[in-house]
Amino acid sequence: MEAMNEGEEDRNWACLPPDVLNVIAKCLNEISDFIKFRVVCHAWRSSTPITDLPAQFPLILDSPNYSRDPNLRFYSLSFNKTYTIPSPRALDKKYSSGPSSNGYMATLSKRNFRPVSLLNPLTNHEIYLPACPSVCDHHWIGSSQNQMGEYVILCYGRLCFHRTRLVFWHPGQRKWHRLKLGSAYKNCCHFYIKDMLFSIKRSTGVTKVTSITNGATTLLYDVPPPFEGYPYSAKCYYEYLVEDSLRDILRVSYDLEDELHIVYRLDVGNKNGSSPCWVQVSDIGNQAIFIDVHGAFVLRAGELSGIKKNSIYHLKKPRWETPIPISYYRPKRIDIDTYKSEPLPCPLKYPSNWILPNLHHL
């Protein structure tokens, strides 16, 4: 035993083979453990690049727009832990807004509600945007969770839902590009996927699919509502469109009154003369949809421990009442097949965003 202890003391753990270190790092599904592993020494850090980050269950961000806490708080469902980091100085004069994309969130100026930057709240890295020509709605249409691509900001028309003006920004460009839509796009919810604009008419449920190329728009086709007599005027619905891992377009219609989530898949038609339509689905396979205040994204359940397949994880949008019922912020998991839901533990007061950890620039 003494000889073994002497051998342990003489072992140089920094000299472990890189492939062994990489295998160990892949088992560290908790982001804090992965960070601690990389700071042990230079050899361990160089063997576990940030680009090879183990798959992470999304963290829940406590909205800095409502909290007066000088720190940012994140909650991990998979490990039932709350992480606290100093709030980035960039949020002192800005609101966080819009869907998280590749770990970055949009910020709006508190002075004039114009977009200012893309901010990674975990690393405090900030990408400054050129001056925007328009005051913006708090709803951003951005790239997917896994790729920093084109960003689209939805701007106000004369009235809240008369949204007929969009401004685009591509990373690396010096200015925004304006896009003016026709009156047919008034009172629509817009989603930007696959270089196309999907606009759901709130009064009818019809989806207009529009190609956008070099600032020009071309209407490709209209998709009828999921079923005849779609009760858009009778109930309050929230709509979410997202591209899944199979590159299909999924539509989640959330009935606020009955708290039902109904999922549809877009069938583009053209087979045997069929027209584009929404097809209700009860099984999305080994995938889960994550929805928060600002948008939605899809993850493969098999890549992350703790995620249940064929589910929706929803951070429910708050009712604008006074006072705001805190219980309405509680996250839930919904089974797509049975519609059954279960509350998820979350100690945060104002959970607002799902954040996929991105440690670039750390």
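Only a predicted model underlies this, so the values are computations on that prediction, with no experimental measurement involved.

**Considering helix H3 (residues 31-38)**
Considered for burial, the residues of H3 that qualify are Ile31, Ser32, Phe34, Phe37 and Arg38. In this structure, the buried residues of H3 make contact with helix H2 (18-26), helix H4 (42-47) and strand S3 (81-86).

**Details of the environment of Leu118**
Tracing the chain through its elements places Leu118 in strand S6 (residues 115-120). Residue Leu118 is classed as buried on the basis of its relative accessible area of 1%. Note: C-alpha distance between Leu118 and Thr107 (eleven residues apart in sequence) is 6.2 Å.

**Focus on the packing of aromatic side chains**
For the structure on display, the rule yields seven aromatic pairs. An angle of 85° between the planes, with centres 5.9 Å apart, marks the rings of Phe57 and Phe290 as edge-to-face. With Phe57 in the loop between H4 and strand S1 (59-62) and Phe290 in strand S20 (residues 287-291), this residue pair connects regions lying 233 residues apart in the sequence. Overall, Phe57 belongs to the buried group, its relative accessible area being 8%. We classify Phe290 as buried; its relative accessible area is 0%. With a centroid separation of 5.9 Å and 85° between ring planes, the pair formed by Phe57 and Tyr313 is classed as edge-to-face. Within this pair, whereas Phe57 is found in the loop between H4 and S1, its partner Tyr313 is found in strand S22 (residues 311-315), the two being separated by 256 residues in sequence. Looking at Tyr313, the relative accessible area reads 3%, which means it is buried. Taken together, the ring pairs in this structure connect Phe57, Phe290, Phe297, Tyr313 and Trp354 into an aromatic cluster. Note that Lys208 overlies the ring of Tyr185, its terminal NZ or CZ placed 5.8 Å from the centroid.

**Section: the UniProt feature "domain: F-box" (unreviewed entry) in the protein chain**
The feature "domain: F-box" (unreviewed entry), as given by UniProt, occupies residues 13-46 in the numbering adopted here. Note that residues 13-46 is 65% helix and 0% strand, and that its end C-alpha atoms are spaced 14 Å apart.

**Overview of the pairing of strand S17 (residues 249-255)**
Look at any regular strand and the pattern is simple: side chains alternate between the two faces of the sheet. Of all the seven residues making up S17, seven are buried; the element is thus mostly covered by neighbouring parts of the structure. Of the two faces of S17, both are covered, the one formed by Ile249, Arg251, Ser253 and Asp255 as well as the one formed by Leu250, Val252 and Tyr254. Here strand S16 (residues 237-243) folds back onto S17, and the loop between the two strands holds five residues, one of which, Arg247, carries a positive phi near 70°. Pairing of S17 with strand S18 (residues 260-267), which is carried by six bridges, proceeds in the antiparallel orientation. The residue bridging Leu250 from the neighbouring strand is Arg265, located in S18. With antiparallel pairing between neighbouring strands as the criterion, S17 and S18 make up a hairpin whose turn holds four residues, including Glu259 at a positive phi of roughly 55°.

**So, the sheet that holds strand S15 (residues 216-223)**
The four strands are arranged S12-S13-S14-S15 in an open sheet whose pairing can be described as antiparallel. In this open sheet, the two strands that pair with only one neighbour each are strand S12 (188-193) and S15. On average, adjacent strands in this sheet sit at an angle of 25° to one another, irrespective of strand direction. Here strand S13 (residues 196-201) pairs with strand S14 (residues 207-213) via five bridges, running antiparallel. Bridge pairing in S14 places Phe198 opposite Val209.

**Some remarks on the nonpolar core**
Counting residues in hydrophobic clusters, the biggest one holds 18 residues, and the most contacted among them are Ile60, Phe290, Ile307, Tyr313 and Trp354. Mapped onto this core, the elements with two or more residues apiece are S20, strand S21 (296-300) and S22. If you look at the next biggest cluster of nonpolar residues, it comprises 15 residues, including Tyr240, Leu250, Tyr254 and Leu256.

**Description of the environment of Gly205**
With respect to the helices, strands and loops of the structure, Gly205 is situated in the loop between S13 and S14. C-alpha separation for the pair Gly205 and Pro226, spaced 21 residues apart in sequence, amounts to 7.7 Å.

**Focus on the sheet that holds strand S24 (residues 341-343)**
Ordered in space as S21-S20-S22-S23-S24, the five strands form an open sheet in which the pairing is mixed. If you trace the sheet from one side to the other, it starts and ends with S21 and S24, each paired once. Put simply, the sheet's adjacent strands are angled 20° from each other on average, direction ignored. Pairing of S22 with strand S23 (residues 331-335) involves five bridges; the strand directions are antiparallel. Following the sheet pairing, Ile312 is matched in S23 by Ile334.

**Observations concerning empty space enclosed by the protein**
Inspection of every chain in the model, using the stated rule, returns three cavities of 30 Å³ or more. Its boundaries defined by the atoms lining it, the largest cavity holds a volume of some 60 Å³. Tallied by class, the residues present in the lining of the largest cavity amount to six nonpolar, four polar and one charged.

The rules behind the values
- Residues numbered from 1 in each chain as written.
- Predicted model: local features only at pLDDT ≥ 70, side-chain atom pairs only at ≥ 80, totals over all residues.
- Heavy atoms only, no water.
- Buried < 20%, exposed > 50% of the residue type's maximum accessible area, 1.4 Å probe, protein only.
- Helix = DSSP H or I, 4+ residues; strand = E, 2+ residues; numbered from the N terminus.
- Contact = heavy atoms within 4.5 Å.
- Phe/Tyr/Trp six-rings, centres within 6.5 Å; stacked < 30°, edge-to-face > 60°.
- Lys NZ or Arg CZ within 6 Å of the ring centre and 35° of its normal.
- UniProt positions renumbered as here; feature names shortened; annotations may be inferred.
- Pairing = 2+ DSSP bridges.
- Axes fitted to C-alpha atoms, helices over the stretch in contact; angles between N-to-C directions.
- Core = buried A, V, L, I, M, F, W, Y, C linked by side-chain atoms within 4.5 Å.
- 1 Å grid on protein atoms, 1.4 Å probe; cavity = no way out; pocket = protein on both sides within 12 Å on 5 of 7 lines; lining within 4 Å.
- Points joined across faces, edges and corners; volume = space filled by probe spheres on them.
- Nonpolar A, V, L, I, M, F, W, Y, C, P; charged D, E, K, R; others polar.

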